[in-house]
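So the chains spell out like this:
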Amino acid sequence: DSVLGDGPDVVLLHGLFGMGSNLGALARALADNYRVHSLDLPNHGRSDWLDEPGIDALACAVADWMDSRNVPRAAIVGHSLGGKVAMQLALSEPARVDSLVVADIAPVLYQPRHEAVFAGLDAVAAAGCSSRAEASRLMAAHIKEEQVIQFLLLSLQKGEDGTYSWRFNLAALRKNYSTIQQGLAAELPYEGPVLFIKGAQSDYILPEHQDTILAMFPCAQVRIMADCGHWLHAEQPRLFNAIVHRFLDG
């Protein structure tokens with residue numbers, strides 16, 4: 001993990017196939033007023049690998065990390081998979097969570113939507129690429145969105161033999177993909193303040209999710225960011241950072 005700033009604790013959780021630095025612009029924007037922790041979730045970045053990284057296990061890993069760093073309570077901000085993990089932590093251990101920001105994800109079951117990404121990742125893994133450009137070309141045969149390719153390339157690392165491999169645990173993420181797509185379950189709702197931020201062009205948060213969201217998070221507010229999709233923090237970083245900062249200040 002990395003730490004910036006000083007003040008009340010804020011923990012940032014990235015999305016699937018990402019790493020803590022993905023939310024680096026937000027960390028820098030908050031660092032004047034908060035102590036901001038950017039985590040690599042298990043099986044991502046430089047964190048340990050888990051054989052079965054379901055949402056519950058990932059939330060437990062975040063709780064264990066908080067204990068190890070003597071962070072008893074924090075505001076939690078999560079994008080996509082990180083948002084689901086943040087929601088699960090708030091539902092399972094609400095005393096740890098002062099407030100919650102969930103970026104473009106709902107606590108619901110999602111149908112598979114990463115088949116093309118897995119195909120591109122597999123092509124790179126099988127080829128033993130000697131350059132990022134080669135990896136990019138291989139992924140472009142499967143993944144149409146250039147922004148997604150550039151995001152994935154951030155997790156490509158060069159080995160001592162000069163070939164590139166994925167920093168994340170591709171095998172475990174594929175094996176447990178259906179588990180992380182599952183909806184969340186809660187014995188009791190999380191009663192603290194929650195902000196959902198939706199990209200207007202994204203289909204991750206839909207009107208039919210409202211009842212489920214409010215059942216689990218009765219104090220939830222929703223803010224919609226126009227003219228952006230699922231990667232809202234990268235597409236309009238200044239607006240996204242300002243929305244998060246204003247909510248945490250409030």
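What counts, and where the lines are drawn
- Residues numbered from 1 in each chain as written.
- Predicted model: local features only at pLDDT ≥ 70, side-chain atom pairs only at ≥ 80, totals over all residues.
- Heavy atoms only, no water.
- Helix = DSSP H or I, 4+ residues; strand = E, 2+ residues; numbered from the N terminus.
- Rg over C-alpha atoms; globule rule 2.2 N^0.38 Å.
- Buried < 20%, exposed > 50% of the residue type's maximum accessible area, 1.4 Å probe, protein only.
- Contact = heavy atoms within 4.5 Å.
- Areas by Shrake-Rupley, 256 points an atom, 1.4 Å probe, with all protein chains shown as cover.
- Lys, Arg positive; Asp, Glu negative; His and termini not counted.
- Charge placed at Lys NZ, Arg CZ, Asp CG, Glu CD.
- Pairing = 2+ DSSP bridges.
- Right-handed = clockwise from strand over helix to strand, strands pointing away.
- Core = buried A, V, L, I, M, F, W, Y, C linked by side-chain atoms within 4.5 Å.
- Axes fitted to C-alpha atoms, helices over the stretch in contact; angles between N-to-C directions.

Colleague: Honestly, the overall build of the protein chain in this entry has me stumped. Any pointers?
Modeller: Within the protein chain, the secondary structure is distributed over 11 helices and nine strands. Expected size for 250 residues packed as a compact globule is a radius of gyration near 18 Å; at 18 Å, the protein chain falls within 12% of this value. Structurally, the protein chain occupies a C-alpha span of about 50 × 40 × 35 Å along its principal axes. When each of the 250 residues of the protein chain is scored for burial, the buried share is 53%. Across the protein chain, every contact between residues at least 6 apart in sequence was considered, and the portion connecting residues at least 24 apart equals 74%. Carbon and sulfur atoms provide 51% of the accessible area of the protein chain, an area that totals close to 11,300 Å². Of the side-chain charges in the protein chain, 19 are positive and 29 negative, and the distance between the mean point of each set is 6 Å.

Colleague: Teacher, can you tell me more about the pairing of strand β5 (residues 97-103) here?
Modeller: The two faces of a sheet get side chains in turn, since along a regular strand they alternate between them. Of all seven residues in β5, six are buried, a share of seventy percent or more. Pairing between strand β4 (residues 74-79) and β5: six bridges, direction parallel. When the sheet's bridge partners are listed, Ile76 is paired in β5 with Leu100. Of the crossover connections in this fold, the one passing from β4 over helix α3 (residues 81-92) to the parallel β5 is right-handed. Judged from the four bridges that link them, β5 and strand β8 (residues 194-199) form a sheet pairing that is parallel. Of the residues in β8, the one forming a bridge with Ala103 is Ile197.

Colleague: Got a minute to help me understand the nonpolar core in this structure?
Modeller: Within soluble globular proteins, side chains that are nonpolar generally end up buried alongside one another. Of all hydrophobic cores here, the largest spans 62 residues; its most connected members are Phe17, Leu100, Leu152 and Phe217. Not counting the four nearest positions on each side in its chain, Phe217 is found in contact with Met87, Ala90, Leu91, Leu100, Pro107, Tyr190, Val194 and Phe196. Listed in part, the 22 residues of the second largest apolar core include Val101, Ala103, Phe240 and Phe247.

Colleague: I'm lost on the sheet that holds strand β3 (residues 35-39) in this one. Help?
Modeller: Paired through backbone hydrogen bonds, the strands of a sheet run either parallel or antiparallel to each other. Judged by pairing direction, the sheet is mixed, and its seven strands sit side by side in the order β1-β3-β2-β4-β5-β8-β9 without closing on themselves. Each of the sheet's edge strands pairs with one partner strand only, and the pair in question is β1 (2-4) and β9 (220-225). With strand direction ignored, the average angle separating the axes of adjacent strands in the sheet is 20 degrees. In this structure, strand β2 (residues 9-13) lies alongside β3, joined through five bridges in parallel fashion.

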